Structures are given as structure tokens and as C-alpha cells.
Amino acid sequence: MRRNKQEITDKNEITEIINRAYTARIAINRDGAPYIVPMNFGYADETFYFHCAGEGLKINLLKSDPRVCIEIDESSSLVKDSEEKPCSWGVTYRSVIASGAAEILTDFNEKKAALNIILSHFTDGEMPPMQDSAVSAVTVFRVKAEQLSAKRSN
């Protein structure tokens, strides 16, 4: 990281940023160029969990090349300089970047556990029952964070 003073190294703060976010952006390799998809997610034990339809471009690309990069951010406010020079303005934020390989889950129990992690990210403890047919109908994949970094701008 170029500006070490902006780096966040506290694992609890990194997890807080991840837990406060509802959307992660996933960059997937599409013929040598990034293909970015915003997705809802869950997070546990330095692993991101995602679900999507059983087929489509995203799944085809992940099967071809499972390497991904994930970005999550939290913006809070616009910061203007005292002289009102727009080129000196900024935004306070915290962000997390992770990379790893996507692994499509095929075991029913692993899929169900992953879906529960995703659901728990959006609920405060009470989770509706999950029907087996719903678990079978979706594709679930996980990305174990091989690299994980975070930074802030004040």
C-alpha cells in the first residue's frame, strides 16, 4: 500500500467494514479484462459467500477462471478544502480489497450452511426457514480470502 498511514491492520475493524456492507463488487476475468458484478454476500472466517442463478455469464467465467478480486467500501462524507477548490476535495471512506479463488459448492449441506451465512449478514438473528428446493435451485460459491487489505481516508 502506497500510503501506509491509511492502511487498516486491525482485523476487528476490517471485519466491521465487511459486516456493515450489503454489497460486494466481484471482478472476474473475462477474456483478459475485468468483468465486475455487484452482489449480496455473507462473510465468516475470512471467507466470502455468494449466491446466484444456476447458469449465466458469471458462472461460466468462474468455471473458466476462478480467480477473483472483491471490493467493499463504506463512504461517509464529502470533504471540501477551505478555499473551495474542487480538485482538493475528497471523500472519507473505508474500503476492503480481497482476492482468492471462487469455489462452487455442490454439497447440499455446505450450500445450506453458506446460504445461512449470507442470510445472517442481512438479519439480526431471526432467520426464516429455508426450503430444500430453494437451496437446490441456486448456485452458491465461496471465496477464501488469500489476500485481504483495508484502508481509510480521513
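Throughout, residues of each chain are indexed from 1 in the direction in which the sequence is written. Owing to the predicted nature of the model, reporting of local features is limited to residues with pLDDT of at least 70; listing and counting of side-chain atom pairs is limited to 80 or more, with chain, interface and lining totals taken over all residues. To get the side-chain values, take all heavy atoms of the structure and skip hydrogens and water.

Caption draft 1: Seen up close, the overall build of the protein chain. For helices the rule is a DSSP run of H or I covering at least 4 residues; for strands it is a run of E covering at least 2, with both sets numbered from the N terminus onward. Within the protein chain, the regular secondary structure consists of four helices and nine strands. Starting at the N terminus, the α and β elements of the protein chain follow one another as β-α-β-β-β-β-α-β-β-α-α-β-β. Evaluated residue by residue, the protein chain yields a buried proportion of 36% over its 154 residues. We call two residues in contact whenever any of their non-hydrogen atoms come within 4.5 Å of each other. Sequence-distant contacts, at least 24 apart, represent 70% of the contacts inside the protein chain between residues at least 6 apart. Here the protein chain displays about 9,400 Å² of accessible surface, and carbon together with sulfur accounts for 47% of that area. Neither His nor the chain termini are counted; the positive set is Lys and Arg, and the negative set is Asp and Glu. All charge positions are set by atom: Lys at NZ, Arg at CZ, Asp at CG, Glu at CD. In the protein chain, which carries 19 positive and 22 negative side-chain charges, the distance between the mean positions of the two groups comes to 5 Å. The classification of residues rests on relative accessible area computed with a 1.4 Å probe and restricted to protein chains. Under 20% of the type maximum is buried, over 50% is exposed, and intermediate values are partly exposed. All accessible areas in this document rest on Shrake-Rupley with a 1.4 Å probe, and a residue is counted as covered only by the protein chains that are shown.

Caption draft 2: Examining the nonpolar core more closely. Counting 28 residues, the largest nonpolar core has Phe-41, Phe-48, Phe-50, Ile-70 and Phe-141 as the members making the most contacts within it. Setting aside residues no more than four positions away along its own chain, Phe-141 makes contact with Ile-26, Met-39, Phe-48, Tyr-49, Phe-50, Cys-52, Leu-62, Ala-102, Glu-103, Ile-104 and Leu-105. Nine residue types can take part in a nonpolar core, namely buried Ala, Val, Leu, Ile, Met, Phe, Trp, Tyr and Cys, and a core is a set of them joined through side-chain atoms within 4.5 Å. Core analysis: the next-biggest nonpolar cluster, separate from the first, contains eight residues, Tyr-49, Leu-105, Ile-118 and Met-130 among them.

Caption draft 3: Just helix H2 (residues 57-64), in detail. Here H2 has its buried residues at Lys-58, Ile-59, Leu-61 and Leu-62. Projected down its long axis, H2 shows its buried positions confined to an angular sector of 165°, all on one face. Opposite its buried face, H2 presents the exposed residues Lys-63 and Ser-64, each directed more than 90 degrees away. Along its buried surface, H2 packs onto strand E2 (24-30), strand E3 (33-39), strand E5 (47-52), strand E6 (67-79), strand E7 (90-105) and strand E8 (139-144). What the arc covers is the set of directions going from the helix axis to the C-beta atoms.

Caption draft 4: Focus on the pairing of E3. Pairing between two strands is assigned when DSSP locates at least 2 bridges connecting them. Across seven bridges, the pairing between E2 and E3 is antiparallel. In the strand pairing of E3, Ala-27 is matched with Ile-36. In this structure, the hairpin formed by E2 and E3 is closed by a connection of two residues, where Asp-31 is found at a positive phi of approximately 55°.

Caption draft 5: Structural view of the pattern of salt bridges. The salt bridge definition used is simple: a Lys or Arg side-chain nitrogen within 4 Å of an Asp or Glu carboxyl oxygen. Evaluation of the coordinates by the stated rule reveals 13 salt bridges. For Glu-16, the salt bridge identified is with Arg-94, shortest N-O distance 3.3 Å. One end of the pair, Glu-16, is in helix H1 (residues 11-20); the other, Arg-94, is in strand E7, and 78 residues separate them in sequence. According to the relative accessible area criterion, Arg-94 is buried, its value standing at 14%. Through salt bridges that share partners, Glu-13, Glu-16, Arg-20, Glu-74, Arg-94 and Arg-152 make up one connected network.

Caption draft 6: The arrangement of the environment of Lys-58 in detail. Inspection of the secondary structure puts Lys-58 in helix H2. With relative accessibility at 19%, the residue Lys-58 sits in the buried group. C-alpha of Lys-58 to C-alpha of Glu-103: the two residues are 45 residues apart in sequence and 13 Å apart in space. Ignoring sequence-local partners within four residues, the contact set of Lys-58 consists of Ile-28, Val-37, Met-39 and Cys-52.

Spatial relationships are all this shows, so hold off on functional conclusions.
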